[in-house]
Amino acid sequence: MAGAYYDIDDILAAQERVPCVLQVDLDGLGSAGSGGASKVHRNARWALPLWMADGLNEEDFVAMEAPPVFSRRAARMYAASPESIQLRAVSQHFYQLGLQLGDMVPDVPHVLRSMYTQRVQRIARIAQQGHNVETLDFVQSLDRTEAELLRLCQRAQGAIAAWQQGRAYALRRAPAIQ
Amino acid sequence: MLGDEAFRLAKEARDITAGHIPAYNEEQVRLVTQETRYLWARREEMNDRLRVAESQGMTSQLQSQALLGGGGSSSSQVAAKTAAADGGSQTQYENDNGQAKLYGLTVRRNKRCLLAYHQRRMGFVRGLLWSVHLAPSLVPAELLQRLSPEEQGFAREYARLNAAYRDAVEEQLCPADSLDWTASGELPPRDLFVEVRVVRDCGEIVTESGVVNLQPGTQHYLRRSDVEHLLTIGYLEHINPT
């Protein structure tokens, strides 16, 4: 279909908040139920979802800043120990968000690449050797993209075994039917 | 915040897998379409107001240009800003501009979430149909209930269209035989006959070699095409595949 428009990961990642400084007064930025009292005034700092911030930033209605997830300090922390970072806690959509921010923050591609190349090796190892109590922490720290990657690798491993044991051609129940 | 309702739909879309679909959230869809229509109406109102302000600004600008006899910025927005008698209406003008833009962004975001939600559900229904060999009657009622009436209608219509197409092709290609193109394309069938164990009581079925009684716990060696639908819905289990 039409590429990223329908991509649910793209949509979810664009909801991540980035800090902004408003250049005009805006209504509708409060949380649900605050009704008419939700006007935020110019020069206030407010965290807006990326889809909103990007559009408003283009016409200078806000001044968008890099999210703390990709600040310089954060980048240093990532570089220090990529494999032990609780990426899921940092952001469920770490890589997707970084991709969407791309142009805005200069170092982001580099940060993403080094994080990914380090962690992906461990993911592949876990898929091959199975995971146990020791790897539980790491597996729980994966963000959405990495978790999907792990699932794919594990499925591939399973498929190899199934084929070797002659189970590959078994007629199966349709997955949606219980 | 604006767009939160639509995000809820996006999260429900995320939860759709090959094996599971949540019930169609009609209420949430209604909320989002309602919000969208409301915002669009407000945005149109604001744009009208802004256009009036700009043209008034233009008029004042032209008047002041005539007085000063000089050239000036041609932007009507700048004219509106500079022609404002007090800072208040200039501020209001900027606010309205920003607000209108925000409403427009939200409308587009809502639309995107709505489309993605429905498209993913449709993808699930399509996959489900192919996995039951385009026989909607094989889908358990409990699963059908989670689909909206439109989605159920889509399922029936999709199966019907496929059947019509297949019939047309058969007529041209092989009038004496029947084609089964719902057989898995990725795993071509290996055997004509399969060994199966009965998981749930299927009663009696008619095969080419006569009537077979499929009692739970029994094993049979049957023609694949006769029992494939029962394997699909899990009543039979395929054992010792090669």
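Fair warning: this is a prediction, and the values are worked out from it, not measured in the lab. (Residues numbered from 1 in each chain as written. Chains lettered and ligands numbered in written order. Predicted model: local features only at pLDDT ≥ 70, side-chain atom pairs only at ≥ 80, totals over all residues. Heavy atoms only, no water.)

Draft legend 1. Representation of the packing of aromatic side chains. Within the structure shown, the criterion is met by eight aromatic pairs over all chains. Their ring planes at 90° and their centres at 5.2 Å tell us that Tyr5(A) and Tyr6(A) sit as a pair that is edge-to-face. On the numbers, 5.7 Å between centres and 40° between planes, the contact of Phe154(B) with Tyr158(B) is tilted. Taken together, the residues span about one helical turn, with Phe154(B) and Tyr158(B) both in helix 6 (residues 149-173) at a distance of four residues. The buried category is assigned to Tyr158(B), whose relative accessible area is 18%. Cluster of aromatic residues (ring-pair linked, three or more members): Phe70(A), Tyr78(A), Phe94(A), Tyr95(A) and Tyr116(A). For Arg122(A), the ring lying beneath its charged end belongs to Phe138(A), and the centroid distance is 4.5 Å. (Phe/Tyr/Trp six-rings, centres within 6.5 Å; stacked < 30°, edge-to-face > 60°. Helix = DSSP H or I, 4+ residues; strand = E, 2+ residues; numbered from the N terminus. Buried < 20%, exposed > 50% of the residue type's maximum accessible area, 1.4 Å probe, protein only. Lys NZ or Arg CZ within 6 Å of the ring centre and 35° of its normal.)

Draft legend 2. Representation of the packing of helix 6 (residues 108-129) of chain A against helix 8 (residues 144-164) of chain A. Residue and element names in this part refer to chain A. Contact geometry for helix 6 and helix 8: axes closest at 9 Å, N-to-C directions at 35°. Pair helix 6 / helix 8 crosses with right-handed handedness. Seen from helix 6, the contacting residues are Tyr116, Arg119, Val120, Ile123, Ile126, Ala127 and Gln128; seen from helix 8, they are Glu146, Leu149, Leu150, Cys153, Gln154 and Gln157. (Axes fitted to C-alpha atoms, helices over the stretch in contact; angles between N-to-C directions. Left-handed = near helix turned anticlockwise from the far one by under 90°. Contact = heavy atoms within 4.5 Å.)

Draft legend 3. Layout of the UniProt feature "domain: GINS subunit" (unreviewed entry) in chain A. UniProt's entry tags residues 78-155 of chain A with the feature "domain: GINS subunit" (unreviewed entry), counted in the numbering of this structure. From the first C-alpha to the last, residues 78-155 of chain A spans 29 Å; its make-up is 73% helix and 0% strand. (UniProt positions renumbered as here; feature names shortened; annotations may be inferred.)

Draft legend 4. Layout of the nonpolar core. Among the nonpolar cores identified, the biggest contains 43 residues, and Leu29(A), Leu48(A), Met52(A), Leu56(A), Phe70(A), Tyr78(A) and Phe94(A) are the most heavily contacted of them. Of all the elements in the fold, those that place two or more residues in this core are strand 1 (17-22), helix 2 (50-58), strand 3 (62-64), helix 3 (72-80), helix 5 (94-101) and helix 6 of chain A together with helix 2 (26-68) and helix 4 (87-131) of chain B. Once residues lying within four places of it in the same chain are set aside, the contact partners of Leu29(A) are Leu22(A), Ser38(A), Val40(A), Trp46(A), Leu48(A), Met52(A), Met1(B) and Leu102(B). Ala176(A), Leu138(B), Val194(B) and Val196(B) belong to the second-largest nonpolar core, a separate cluster that totals 30 residues. (Core = buried A, V, L, I, M, F, W, Y, C linked by side-chain atoms within 4.5 Å.)

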